[in-house]
Amino acid sequence: MKAIQTGSKFQIFDDSIKAYDDLPAVTFDIGYTRDEGCFLIRRRDIRISEKCYGIHLAKADKVLESYKRFGRSLGVILSGDKGIGKSLFAKLVCIRAIENGYPVIVVDACYPGLARFLESIDQNCVVLFDEFDKTFSKNRDHDDQAALLSLFDGTTGGKKLFIVTCNELYGLNSFIINRPGRFHYHFRFDYPTPDDIREYLRDKLEARFYGEIERVVEFSRKISLNYDCLRAIAFELNTGAPFKEAIADLNIMTTETEEYEVYLYFDNGRSVHNLHYSTNLYDYDGCMTLIHFYDNDGKFVLTASFDKGSMTYDISKGKVVIPASGIKIKAEKDDDDYYDDDDEDDDDVAAPSVKKQSFCGAKVLYMTFAKRAARNLHYLV
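Cut-offs and rules
Residues numbered from 1 in each chain as written. Predicted model: local features only at pLDDT ≥ 70, side-chain atom pairs only at ≥ 80, totals over all residues. Heavy atoms only, no water. Helix = DSSP H or I, 4+ residues; strand = E, 2+ residues; numbered from the N terminus. Contact = heavy atoms within 4.5 Å. Areas by Shrake-Rupley, 256 points an atom, 1.4 Å probe, with all protein chains shown as cover. Buried < 20%, exposed > 50% of the residue type's maximum accessible area, 1.4 Å probe, protein only. Arc of directions from axis to C-beta. Pairing = 2+ DSSP bridges. Phe/Tyr/Trp six-rings, centres within 6.5 Å; stacked < 30°, edge-to-face > 60°.

**Q** Mind showing me how you'd approach the overall build of the chain here?
**A** Looking only at helices and strands, the chain has 9 helices and 19 strands in total. Within the chain, counting contacts between residues at least 6 apart in sequence, those at least 24 apart form 64% of the total. Surface exposure of the chain reaches about 20,100 Å², of which carbon and sulfur atoms provide 46%.

Laid out in structure tokens, this is it:
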């Protein structure tokens, strides 16, 4: 039997009770009952069973070194779309933290009094809020995140390392974004690059299927592939299915738009561009698609109609290309600047000319699409 005194109150527990001056360096979940309030539950320690790609290891070490040097709590935001490494990076930091003697507390529910409970833990520790924007609501009538702002300020309790993952930045309180006093770091995660994809597939594929890797890379130029997609693709390729067959069956076709840098090239070396053009290159219904182009001074100069059905992937350029036969242009200047040998009208959505088109005397060569880094805020992980 153990008798525990709190003030003048004594409580009786069995011999399994243990007392600690500090929390041990293990992983905890938050529990809650109406009578007891919040409490900690020991859980299985976080593990990683897959290889980390990119610069995750270096960034994880940077976070922990900064935390050691900080004289107060340190906050880290991990943002980006699903399946591109946010949770994996958070797990990596948590594993390194336990190796350095810090307990880890995983928060996956919004409980009454949560902020006060976490503030009462008077020691260095890591607090992980996974999918923070989903767990803690933010709206005009009720803002669960606002109740945590004083906690994130780090003015009470022990020095803590707060890690917040979120899919949508608009789901975060405005007093969290752009507030380095609360959250010192914000790592924005991007989709795997072609080199990341090659490295991943060489790790996951049997060597006899390496010939399919460049087809996956080519596909990734048109649609963003996260690591969940790559894992599924690798599984299918290892069954012997060619990529074209595998991708037709997998549940990874996009229904959303991507943002591209689009350039239209002429035979005199001139080009015009649209650096923030959003479209879904796979949403092809046989109709022409319009796009406006600008010169290097940002002046609007012409409109082009293009046929998505004519797009190809040019490995030498590393981009999706639409040839001149799939493009029809209309200048926004005088008629002398634009001509088309066909007698058809110049309606923007007319079928593309298969003969000669020019702008200021130069013939259209081709149009290229290159995916932009996803909503690049500063740097990408």
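Now that the structure is up, let's keep going.
**Q** I would appreciate a short explanation of helix H6 (residues 194–204) in the present structure.
**A** Taken together, the buried positions of H6 are occupied by Asp196, Ile197, Tyr200 and Leu201. For H6, the arc enclosing every buried residue in end-on projection is 125°, short of the 170-degree limit, so these residues lie on one face. Elements that come into contact with the buried residues of H6 comprise helix H7 (213–220) and helix H8 (227–237).

**Q** Looking at this structure, how should I read the pairing of strand E19 (residues 362–371)?
**A** In this structure, strand E10 (residues 258–266) lies alongside E19, joined through 7 bridges in antiparallel fashion. Residue Tyr263 lies in a different strand from E19, and its bridge partner there is Thr368. Sheet topology places strand E15 (residues 319–323) next to E19; 4 bridges connect them, and they run antiparallel. Within E19, the residue paired with Val321 across the bridge is Thr368.

**Q** Please explain the packing of aromatic side chains as it appears in this structure.
**A** Geometrically, a pair of aromatic rings is defined through the distance of the ring centres and the angle of the planes. Applying the stated criterion across every chain, the model contains 22 aromatic pairs. Centroid distance Phe129 to Phe162: 6.5 Å. Interplanar angle 40°. Geometry classified as tilted. With Phe129 in strand E7 (residues 125–129) and Phe162 in strand E8 (residues 160–166), this pair connects stretches of sequence that are 33 residues apart. Looking at Phe129, the relative accessible area reads 1%, which means it is buried. Classification of Phe162 by relative accessible area gives buried; the value is 0%. Note on Phe152 and Phe183: the rings are 4.9 Å apart at their centroids and 70° apart in plane angle, and the pair reads as edge-to-face. Within this pair, whereas Phe152 is found in helix H5 (residues 149–153), its partner Phe183 is found in the loop between E8 and strand E9 (185–188), the two being separated by 31 residues in sequence.

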